[in-house]
Structure formats: structure tokens, C-alpha cells
Amino acid sequence: MKLPREQRLKELGIAPVWRLRGRSAPATPACADGADGADRHGRILQMDWTQLREAVANCTACELYKTRTQGVLGVGDPHADWLIVGEAPGADEDAQGEPFVGQAGRLLDAMLAAIGLKRGENVYIANVLKSRPPGNRNPAPEEIAACMPYLERQIQLIRPKIIIALGRFAGQTLLHTEEAIARLRGRVHRFQGIPLVVTYHPAYLLRNLPDKEKAWEDLCLARETMKKID
Ligand code: URA
């Protein structure tokens, strides 16, 4: 007999994922204002998918709304077991409104295929930042802080069984650490009880082919971890 998911996680020594709040979401999402910190965070953590999409589309919580074409919430199965988290939309993603649609995205699709996964099928893809930093510069700490509640809420709604963080920013942000990616990759971490594997960002792998082998090891680690949960 299949055990309930939380019990299976407990038996694997993994703390249960969040208990969602019982209160229903507010009728009008009001997240555009970055000035009301905790309140805004609390409101976002009660949103449903429609509200979240609308909130990201209208968000002005950091300066990036001034230069982006559109907010990019994420793509895929809202009940996916696998959550992939990248850094931020680039030019292609900003134009098309979907994460990882450029060259790095094609490599990501190939990486997923290598472990038997397909974009949109039991996989959800999101970024830490929902708006493109101009010139593809690194995300600023205040931009990450303003955007994280959206990703937190996505994770609550999806309840993935595993998270793969692509690159330094996603790994460091989700794990609240400044450790180098070389030290973060290759092992299983936890994000609020959910197993999390960090690996190299596909854009980095396009420039550093030898590290593809290490990324492959990380993907195998994620797949093995998932097998133990299933
Ligand atoms: N790089 C990312 O981190 N995310 C994207 O969506 C595209 C490129």
C-alpha cells in the first residue's frame, strides 16, 4: 500500500512541507507596493494562481518593472513533482513571457530529456526573479528580496517533490548561503523540507562544456533522490 506523501517524507527523514494557511486569498491582490513589506509578503502567500499571475504582471516592487517587457511567472504543470528554478528572464524570456526559451532553455530541455523529463509534463520551470535585469546583469539583493515571495508562493502551490536550482543565484538564494556553487552542487539540500539539488546553470554550461559532466552527475543525484521518495 502506498503511504501518504507526508508519512513517506517523514520516513526518509525529510520534514513535512508547509502547512498552507486555511484563510482564502483576498479578492484583489495588492502586491504592487513594495513599501508595506510584511503585509505584502503575507498577501502574496495567500494568492491563487490567477492572482499570482496578475500580481507579477502588475508588480512594481523593484525598479525592474521600468525596463522589462513583461513579468515572467513560470511555465509548466502546476502540480509537478519536479520544480526547476533559474535566475531571471533574459531577452528571449522577457519578449515571450516564458522562462528558458532561448539557447540556455534548449540546453535545459536536453538536460531534462536526459533524465526522462519534458517541459510541461510533471515539471514546472520558474526563476528567482520574474523581471529581466537590464543587459542581463546579476540580480541585485533588493530585487531578489522583492521577488522571493512569488517563488515561495509558487512552491507552496505546486508542492514539488524535488527542486533543482540552476546556478549560483538560485542555489544561494534558496539555501540562504553565500557558498560557492562548486560546494553547493553534488549533494542534496533541503528547502523547507523539500529535497533540493543545485547544479550549474545551462548558460554557464554552454560556455564551459567540461562541467556538463558534473551537471549530469547532479541530475542523476536528483533522479536517484526522487526514486527514493516515489
Ligand atoms: N536564464 C535563467 O536563469 N532563466 C531564464 O528564464 C532564462 C535564462
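The preceding data block contains the structure.
Rules used in this analysis
- Residues numbered from 1 in each chain as written.
- Predicted model: local features only at pLDDT ≥ 70, side-chain atom pairs only at ≥ 80, totals over all residues.
- Heavy atoms only, no water.
- Pairing = 2+ DSSP bridges.
- Helix = DSSP H or I, 4+ residues; strand = E, 2+ residues; numbered from the N terminus.
- Contact = heavy atoms within 4.5 Å.
- Axes fitted to C-alpha atoms, helices over the stretch in contact; angles between N-to-C directions.
- Buried < 20%, exposed > 50% of the residue type's maximum accessible area, 1.4 Å probe, protein only.

Focus on the sheet that holds strand β6 (residues 194–199)
- Taken together, the six strands give an open sheet; going across it, the order is β1-β3-β2-β4-β6-β5, and neighbouring strands pair in mixed fashion. Each edge of the sheet is formed by a strand with only one pairing partner; in this case those strands are β1 (75–76) and β5 (188–191).
- By the bridge criterion, five bridges tie strand β2 (residues 82–86) to strand β3 (residues 123–127) in an arrangement that is parallel. Each residue of the ladder has a partner; that of L83, found in β3, is Y124.
- Seen against the sheet, helix α7 (residues 167–175) touches β2, β4 (162–166), β5 and β6 and runs at an angle of roughly 130 degrees to β4.

Thoughts on the pairing of β5
- The two faces of β5 differ: H189 and F191 on one face are buried, but V188 and R190 on the other face are not.
- Pairing geometry for β5 and β6, over four bridges, is antiparallel. Paired with F191 across the strands is I194, a residue of β6.
- The hairpin formed by β5 and β6 contains two residues between the paired strands, and Q192 there has a positive phi angle of roughly 45 degrees.

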